Amino acid sequence: MEETIQSNQQLDIEQMPEIAAQDFSPLAPVYAKINLTIHLLIALVPALVALVLILFPIMQLTADNKTGMGYLTVGWVIFFSLFSVYRFKANRIKGYAVRELDISLKTGLIFQRIVSQPVLRIQHVEIERGPLERKFELATLQVFSAGGSLYTFQIPGLPVKTAESMRQFLLSHKDTKHHG
């Protein structure tokens, strides 16, 4: 039996590379625009239904009910409009980085987060494309780590060719042992 000698030396924190110092690539610009449109539609469709009910009531509404529905509709539109703008800005700052030994995803407008997955711990990688993604030539790359049934993270809003290239790289390097 071959004996493996392991080292466990103290590392100088100041000399370690910063994960946030990576050059993150942005998602496709159309991704944020698609999501903005979807969120605005979610805001406007119920508002239009409420407006129709107020102006052309199917059932009798009292003046107080009309006023209440009006306030709720305005509140709904304001809330979802602000939420949509927030999501649009958050989607525009999302980014990803692929290095030899890991892949990272940066998210968050207010609460920023960076998730990294070592390439050697990747179990498999999937590409998902919904109807809107197919229409706009986009894809979502899902990265699954060993030991989990759900993806570790997903990178949405990638051009299809980029997602396919990243998938191929990750799958071809997941079993490669890197020695430094």
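Notes on the structure follow. (Residues numbered from 1 in each chain as written. Predicted model: local features only at pLDDT ≥ 70, side-chain atom pairs only at ≥ 80, totals over all residues. Heavy atoms only, no water.)

## Re the overall build of the protein chain
For step 1, the next point in the chain: For the protein chain, the count of helices and strands is 4 helices and 7 strands.
For step 2, the next point in the chain: Written out in order from the N terminus, the α and β elements of the protein chain read β-α-α-β-β-β-β-α-β-β-α.
For step 3, the next point in the chain: Relative to the globule expectation of 16 Å for 180 residues, the C-alpha radius of gyration of the protein chain, 24 Å, shows a markedly less compact shape.
For step 4, the next point in the chain: Summarising its shape, the C-alpha atoms of the protein chain cover approximately 85 × 35 × 30 Å along the three principal directions.
For step 5, the next point in the chain: Counting only residues that meet the buried cut, the protein chain has 30% of its 180 residues in that class.
For step 6, the next point in the chain: Long-range contacts, defined here as pairs at least 24 residues apart, represent 54% of the contacts in the protein chain between residues at least 6 apart.
For step 7, the next point in the chain: Summed over its atoms, the accessible surface of the protein chain is roughly 12,800 Å², and 60% of this surface lies on carbon and sulfur atoms.
For step 8, the next point in the chain: Between the centroid of the 17 positive side chains of the protein chain and the centroid of its 15 negative side chains there is a distance of 13 Å. (Helix = DSSP H or I, 4+ residues; strand = E, 2+ residues; numbered from the N terminus. Rg over C-alpha atoms; globule rule 2.2 N^0.38 Å. Buried < 20%, exposed > 50% of the residue type's maximum accessible area, 1.4 Å probe, protein only. Contact = heavy atoms within 4.5 Å. Areas by Shrake-Rupley, 256 points an atom, 1.4 Å probe, with all protein chains shown as cover. Lys, Arg positive; Asp, Glu negative; His and termini not counted. Charge placed at Lys NZ, Arg CZ, Asp CG, Glu CD.)

## As for unusual backbone geometry
For step 1, the next point in the chain: Of note in the backbone geometry, E137 takes a positive phi value of approximately 55 degrees without being a glycine.
For step 2, the next point in the chain: The topology assignment puts E137 in the loop between α3 (131-135) and β6 (138-145).

## Considering the pattern of salt bridges
For step 1, the next point in the chain: Applying the stated criterion to the full structure yields 1 salt bridge.
For step 2, the next point in the chain: Linking R99 and D102 is a salt bridge whose minimum nitrogen-to-oxygen distance equals 2.6 Å.
For step 3, the next point in the chain: The exposure class of R99 is partly exposed, given its relative accessible area of 34%.
For step 4, the next point in the chain: Of the residues examined, D102 reaches a relative accessible area of 13% and is grouped as buried. (Salt bridge = Lys/Arg side-chain N within 4 Å of Asp/Glu carboxyl O.)

## Considering the side chain of T140
For step 1, the next point in the chain: Along the chain, T140 turns up in strand β6.
For step 2, the next point in the chain: A distance of 2.5 Å separates a polar atom in the side chain of T140 from a polar atom in the side chain of E133.
For step 3, the next point in the chain: Setting aside residues no more than four positions away along its own chain, T140 makes contact with E126, I127, E128, E133, Q154, I155, P156 and G157. (Polar contact = N/O pair within 3.5 Å; in protein donor to acceptor, adjacent residues only side chain to side chain.)

## Comments concerning the sheet that holds strand β1 (residues 25-26)
For step 1, the next point in the chain: Judged by pairing direction, the sheet is antiparallel, and its 4 strands sit side by side in the order β1-β2-β3-β4 without closing on themselves. In this open sheet, the two edge strands, each paired with only one partner strand, are β1 and β4 (113-118).
For step 2, the next point in the chain: Here 4 bridges tie strand β2 (residues 95-98) to strand β3 (residues 102-107), and the two strands are oriented antiparallel to one another. Counted as the bridge partner of Y96 is L105 from β3.
For step 3, the next point in the chain: Sitting on the sheet, helix α4 (residues 160-173) is in contact with β2 and β3, with an inclination near 35 degrees to β2. (Pairing = 2+ DSSP bridges. Axes fitted to C-alpha atoms, helices over the stretch in contact; angles between N-to-C directions.)

## Overview of the packing of helix α1 (residues 29-55) against helix α2 (residues 63-93)
For step 1, the next point in the chain: Put simply, α1 and α2 touch, their axes get as near as 8 Å, and they point 180 degrees apart. The orientation of α1 relative to α2 falls into the category roughly antiparallel.
For step 2, the next point in the chain: In the contact of α1 with α2, the residues fall into 18 nonpolar, 7 polar and 4 charged. (Parallel < 35°, antiparallel > 145°, perpendicular 65-115°, else oblique. Nonpolar A, V, L, I, M, F, W, Y, C, P; charged D, E, K, R; others polar.)

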